[in-house]
Amino acid sequence: ADLEISRHEIQEIKLLSDENDLGGSFELSLGTSSDKVVFSFDESAADFTTKLQSSSLIGSVSVDKMQPMSTYGCIWTITFLSNLGDVPLLQHNGLLNLHGTNVSLSITEKTKGNLGPQHVVVNNLEEGQMYSARIAAGNEAGFGPYTSVARVASSPPENPSLSLGIVTKSSAEIIYTEPNPNGSNIESYKFEWTSSSFESLTTATARIACADGSDILGSFKFAYGVENEARSEKTVPIDIRSTPDEVSLALNAIKSINEVEVSVVTNSSSELEWALTFLYDIGQRGSLSIDSDSLRCQSEDQTVLESEVTMEPETPLPLDYGSNTISAGDLCGGVHLDEFSSVQHLTFSAESSLVSSGSYQLMLDNQSTSCIPFDASETQLKAAIQDLDFVGDIDVTAKLSGGAYEYTIVFQGDYPFGGGDWPALSVNALHFGKGDCDPFVGGANHKATILPVRDETTCVNGSLNTVAIVASSYTPIGGSFLISCGDRSTEKVSMNSSASDVKSVLSELLSSTEVIVTKHVTEMNGATWAVSYPRSSNDNCEINIDDTFVSGKNAKVNAYPLLVVKTSSSRNDSSGDFRIIIDGQSTSPISHQATHEEVLQEMHKLDGIGLVDMLGPIEGEASLSDDYTMIVKAHTVDLDSVKVVPESNWRGTAPRVFYKPPSGMPPRTVFLEGLEKQKTYVARAFARNAEGYGPSSNLIKIVPASTAPSSPSSVSLSF
């Protein structure tokens, strides 16, 4: 399509006399400016051009000169080439310095300048498709080179819908739907809850004006977070006459802003003011300002151009605020090191001997903390980090481990920049035991390491229940067994059944096509089948075994929970240690190279863990050294409370520790924990894609309370 980008302003100056006796000079200025230029009565076109362009307010011009047809004098036609839009009319200072017979001097606008449209609207695009566009400028000499852009036709996703599942005295189950992604895959969901409300909205006003009353011309941009240059963002250019919806659309493209509603307060040719309401952003935020480089006043006096954004005082996080972000990516389950995370582990250590004094600084983006003592308490470290701009509330826990000071730092709420993800803290090398901080005394090779550990244990598509069906005997085992789930039972399952045989009977029993079964090597007489099957919100039956028909000495078949722990890195270069934590109890650090026996030894040290065996390799396949899938045969702890935490020496290329408790989770379900009994909470959720967050879901009310126990199972009568 051909688009007339702009129309140049053309003005005409006529200096006329009835007789051929014209002489003298005159002054011209642009609009009301005091910047004046003197011209001779018969100035040539070239000199007229040079003199006009000497004015600080006038850019490039083209001047044509001609003689009037029936009288004496000159006519100059001026085309403004770089002063775009409607240019103020040139003004003269009168006829005082001109002489002749019936002299007249007039200036008229022959063609009003027009910036023209600064954008092209292309309709009927297909959502989710990649489109390329290019543009070239043309003049009488032809078209210049093209500039190309490409992007997917997409917008932020629509809002998910929430419903309430099971509620206990301290937790609540929330079920959510998948909204329309609007052309870009959903990357994550964010859940927020509070015991107060989300009704306190952040507001601001944005104003642009020409103080002398002349028209505002051009375009502008909103700039977000200029105080953090590395993560600041700008909108696309916004035409000064844009509608509130167009202004809102530009602002909503900033990743650090959730959704903004824009309304007009003042709308005149010389002053514009908008009211901005941030519908979902709470807590700390960056600044919002106006980039006015492409704005001007028609008077061409830039000293009268005014632009400002006034932000209302920040809204603090609501009472009992909590949030949880769930990744919708293919990789989920477990934890991994990332450049961004709200949970970060700091370790200060030294070799040879104990440190007795010294301090250091941490950095968050381009800000540094005050000097932190090497043995800082939780309170001292928390105060130093909270003193940084844009850091709200944080939680800090500390412990001394083998002479090393270890801290876990949890940032509350969103980071005001970069879409809300908290960047990794770093050590300020210029002030680590030197510079503004006290030198370290004692020890050698002092170092502080930070591990941002991203928790992606919850999967959008849920996770499967995992159990091991283990058959064992002191002598060769035979016969068959029954598998039941609730009040349903299979036909007899032969001891020689393959993985596909067991999968077939379980799929029928559970009425599911998502059952996964593998058969594993076992050292004793018998067999082991690892079973994964889906959990639903309303029917989470447990697999039970009836081994009445099994033969062999002390032959038995049982179903045991499976606890999965695996380590990996994209280049197979993991190193370092991790801990397994169950019901608050932690193992000692376990090496990524630990043998199965060493992991079992650590597990057996935990209170409430009885007998644990490793799941053998799949029949016909080699054993995997980084797979620590365990069959827990005796326990009194809550295995579903398991967490695996990397130590400060954990390294590798995108290293991950995948772990999964025995109990699965239904798809699109999240659990809110740590709620207070009988307190009323409200919760909401947002979906996010490459274009940013979409609007909020419906609000749901949660009142944690004790629930009646489930019905007893395995009840029998005897006479």
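Provided above is the structure to which this section pertains.
Because the structure is predicted, anything quoted here is derived from the model rather than measured.

Student: Let's hear about empty space enclosed by the protein: which residues, and what values?
Tutor: Inspection of the entire model under this criterion finds 2 cavities of 30 Å³ or more. In this structure, the largest cavity occupies an estimated 280 Å³ of space. What lines the largest cavity is a set of 26 residues, and nearest its centre among them are Ser256, Asp281, Ile282, Gln284 and Asp414. Tallied by class, residues from the lining of the largest cavity come to 11 nonpolar, 9 polar and 6 charged. There is about 30 Å³ of room inside the second largest cavity. Around the second largest cavity sit Leu28, Ser29, Leu30, Asp35, Val37, Leu52, Ser55, Ile58 and Leu90, which together line it. For the lining of the second largest cavity, the element with the most residues is strand β2 (residues 23–30), which contributes 3 residues. Residue composition of the lining of the second largest cavity, grouped by class: 6 nonpolar, 2 polar and 1 charged.

Student: So what's going on with the state of the cysteines? Which residues, and what values?
Tutor: Tallied over the entire structure, the rule returns 2 disulfides. One disulfide bridge connects Cys210 with Cys297, the sulfur atoms lying 2.1 Å from each other. Residues Cys210 and Cys297 are joined by a disulfide whose S-S torsion is about -105 degrees; by sign, that bridge is left-handed. Placement of Cys210 in strand β16 (residues 202–210) and of Cys297 in strand β23 (residues 295–297) is noted, with a sequence separation of 87 residues between them. Of the two residues examined, Cys210 and Cys297, each falls in the buried class. Residue pairing for Cys371: its cysteine sulfur links by disulfide to Cys437, the two sulfurs lying 2.1 Å apart. Residues Cys371 and Cys437 share a disulfide whose torsion about the S-S bond is about -90 degrees; that sign makes it left-handed. Residue Cys371 is located in the loop between β29 (367–368) and β30 (372–373), and its partner Cys437 is located in the loop between β33 (426–432) and β34 (444–455); the two are separated by 66 residues in the primary sequence. By relative accessible area, which is 30% here, Cys371 ends up partly exposed. The exposure class assigned to Cys437 is buried, which follows from its relative accessible area of 4%.

Student: Now, about the side chain of Arg684: what can you tell me, with residues and values included?
Tutor: Relative to the helices and strands, Arg684 is located in strand β52 (residues 681–689). Here Arg684 falls in the buried class, since its relative accessible area comes to 4%. Side-chain polar atoms of Arg684 contact the side chain of Glu192, separated by 2.9 Å. Among the polar contacts listed, one links the side chain of Arg684 to the backbone oxygen of Tyr280, at a separation of 3.3 Å.

Cut-offs applied
- Sequence order as written defines the numbering, with residues in each chain counted from 1.
- Only residues with pLDDT of at least 70 are given local features in this predicted model, and only at 80 or more are side-chain atom pairs given and counted; all residues enter the totals for whole chains, interfaces and linings.
- The side-chain values count all of the structure's non-hydrogen atoms but skip hydrogen atoms and water molecules.
- Here a cavity denotes a set of grid points, spaced 1 Å apart and computed over the protein atoms alone, in which a 1.4 Å probe fits but from which it cannot get out, and a pocket denotes an open set meeting protein on both sides within 12 Å along at least five of seven lines; residues with an atom within 4 Å of a point are reported as lining.
- Grid points are joined across faces, edges and corners, and a volume is the space filled by probe spheres set on the points.
- Polarity classes work like this: nonpolar for Ala, Val, Leu, Ile, Met, Phe, Trp, Tyr, Cys and Pro, charged for Asp, Glu, Lys and Arg, and polar for all others, with Gly in that last group.
- A helix here means a DSSP run of H or I that spans at least four residues, while a strand means a run of E at least two residues long, and both kinds are numbered starting from the N terminus.
- Throughout, disulfides are identified as pairs of cysteine sulfur atoms within 2.5 Å of each other.
- The classification of residues rests on relative accessible area computed with a 1.4 Å probe and restricted to protein chains. Under 20% of the type maximum is buried, over 50% is exposed, and intermediate values are partly exposed.
- Polar contact is defined as a pair of N or O atoms within 3.5 Å, subject to the rule that within protein one atom must be able to donate a hydrogen and the other to accept it, and that residues adjacent in sequence are counted only when both atoms are side-chain atoms.

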